[in-house]
Structure formats: C-alpha cells, structure tokens
Amino acid sequence: MDKIPTTRKGFGALETELKQLKSVERPAIIEAIAEARELGDLKENAEYHSAREKQGFIEGRIKELEGIISLAEVIDPASLSGSVKFGATVTVADEDTDEEKTWQIVGEYEANVEQGLLNIKSPIARALIGKEEGDSVEVRTPGGVKSYEIVEIAYV
C-alpha cells in the first residue's frame, strides 16, 4: 500500500477523532443498544435498529481511521524549503482579477477548501507542485482555464 502524506496537524486530527470514537461514541452506542433491548420486541424496536445502524457507522469509521493512520507519513512542512511541494503554503494572484488566495497543500484526508487546505491531488495543487515564486500556472477548472501567478511560498 502507498503511504498517505499528512501534516502533523492533520495526523493529530485523525488521532483525536479515533480516540473520540473509541472512548466516547462506542461506549455510548453500546449503552443505547442495551437500553433499546430492554424495551422488548426487537423486530419493531426503532430505537434498537437506529442504534445498531449508528454502531455500524462508528465501527466502519474506526476501521477507516485505523487504516489511514497506519499508512500515514507525517511530513513537517517547517523542515522544507524551495519550490512548491507538499505542506507549502502558497499565495497566488489570479492573473485576470488580481485577487489573491492562500492555500496550504495537504493530504486528502485533511483537505478543506473553505479553510484554505488544498488536497495534494486537486488540479490546482498538481499545477503548483514544483513551481517557484513568480511563476505563472494555468489550471483547468470546470469553469474554464484559470491563470495564477505564485506570489509567495512559505513552509510553516
């Protein structure tokens, strides 16, 4: 299996979610199932079926997180420099509107565009990788081709 690149912050978030699921959510759903069983006939017991469904979701998410964490390769962006690569915080200017945007290139499980965290597999991130400050990049988007100039590259 391929390693999954992640930042230290992203890895911490995965571990926190796993701990929450195992220590809080799992025991709570086990208790809810036990209480629902005491209500009687399981065939027509909506609380029981709902709790079992939630348990299935929680167990599935636990397995998924354990798999991701086991394959995670934590990369510290502060130890990097130079051209754009994983972990870089990149400020770009739209060449048509001069609007500036700042994104950090992160792993797919920590990406969140609204928070400025760009999936390394996204078209924009792939176009930026390997480029230097001052370079111009063209990105194919669903709305057409966008041109950006790299204003700043930082590794924090």
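Look up: the structure comes first, before these words.
Bear in mind that the values here come from a model prediction, so they are computed numbers and not experimental data. (Residues numbered from 1 in each chain as written. Predicted model: local features only at pLDDT ≥ 70, side-chain atom pairs only at ≥ 80, totals over all residues. Heavy atoms only, no water.)

Overview of the sheet that holds strand β5 (residues 117–119)
The test is simple: Here a strand pair is declared whenever DSSP counts at least two bridges between the two strands. In this text, helices come from DSSP runs of H or I with a minimum length of four residues, and strands from runs of E with a minimum of two, each type numbered from the N-terminal end. For helices, the fitted axis covers only the stretch in contact; all axes are lines through C-alpha atoms, and the angles between them, taken along N-to-C directions, range from 0 to 180 degrees.
Here 5 strands make up an open sheet; going across it, the order is β5-β4-β3-β7-β6 and the pairing mixed. The strands lining the two open edges of the sheet, one partner per strand, are β5 and β6 (136–141). The mean inter-strand angle of the sheet, taken between neighbouring strand axes irrespective of direction, is 45°. With 6 bridges joining them, strand β3 (residues 89–94) and strand β7 (residues 144–154) adopt antiparallel strand pairing.

Side note on helix α2 (residues 46–71)
In an α-helix there are 3.6 residues to a turn, and that puts residues three or four apart on one side. As a reminder of what qualifies: Here a helix's expected span is defined as the number of its residues, less one, multiplied by 1.5 Å. Only protein chains enter the area calculation, which uses a 1.4 Å probe; residues under 20% of their type maximum are buried, those over 50% are exposed, and those in between are partly exposed. Residues count as neighbours in contact if any of their non-hydrogen atoms are within 4.5 Å of one another.
An ideal rise of 1.5 Å per residue puts 38 Å on 26 residues; α2 measures up with 38 Å between its terminal C-alpha atoms. Along α2, the residues that are buried comprise Tyr48, Ala51, Gln55, Ile58, Arg61, Ile62, Leu65, Ile68, Ile69 and Leu71. In this structure, the buried residues of α2 make contact with β1 (4–6), α1 (8–37) and β2 (72–74).

A word on the environment of Ile33
Here Ile33 shows up in helix α1. Since its relative accessible area comes to 5%, Ile33 is described here as buried. Those residues within four positions of Ile33 in sequence are excluded, and the remaining contacts are Tyr48, Ala51, Arg52 and Gln55.

Structural notes on the pairing of strand β4 (residues 100–106)
In this structure, β3 lies alongside β4, joined through 5 bridges in antiparallel fashion. When the bridges of β4 are listed, Val90 appears paired with Trp103. Counting the residues in the hairpin turn of β3 and β4 gives 5 residues, including Asp98, whose phi is positive at 65°. As paired strands, β4 and β5 are joined by 3 bridges and run parallel to one another. Residue pairing for β5: Val106 is matched across the bridge by Asn119.

Observations regarding the side chain of Arg61
Within the secondary structure, Arg61 is located in helix α2. When near neighbours in sequence (up to four residues on either side) are disregarded, Arg61 contacts Glu17 and Leu21.

Some details on empty space enclosed by the protein
To be explicit about the condition: Computed over the protein atoms alone on a 1 Å grid, cavities are sets of points where a 1.4 Å probe fits but cannot get out and pockets are open sets with protein on both sides within 12 Å along at least five of seven lines; a residue lines them when it has an atom within 4 Å of a point. Grid points are joined across faces, edges and corners, and a volume is the space filled by probe spheres set on the points. Only Asp, Glu, Lys and Arg are considered charged, only Ala, Val, Leu, Ile, Met, Phe, Trp, Tyr, Cys and Pro nonpolar, and every remaining residue, Gly among them, polar.
Per the counting criterion, the structure on display carries 1 cavity of 30 Å³ or more. Space inside the largest cavity adds up to approximately 40 Å³. If you trace the largest cavity, you find it lined by Ile4, Pro5, Thr6, Leu14, Ile68, Ala72, Gly107, Glu108, Tyr109 and Glu110. Ranked by the residues each element gives to the lining of the largest cavity, the list is headed by β1, at 3 residues. Class assignment of the residues belonging to the lining of the largest cavity gives a composition of 6 nonpolar, 2 polar and 2 charged.

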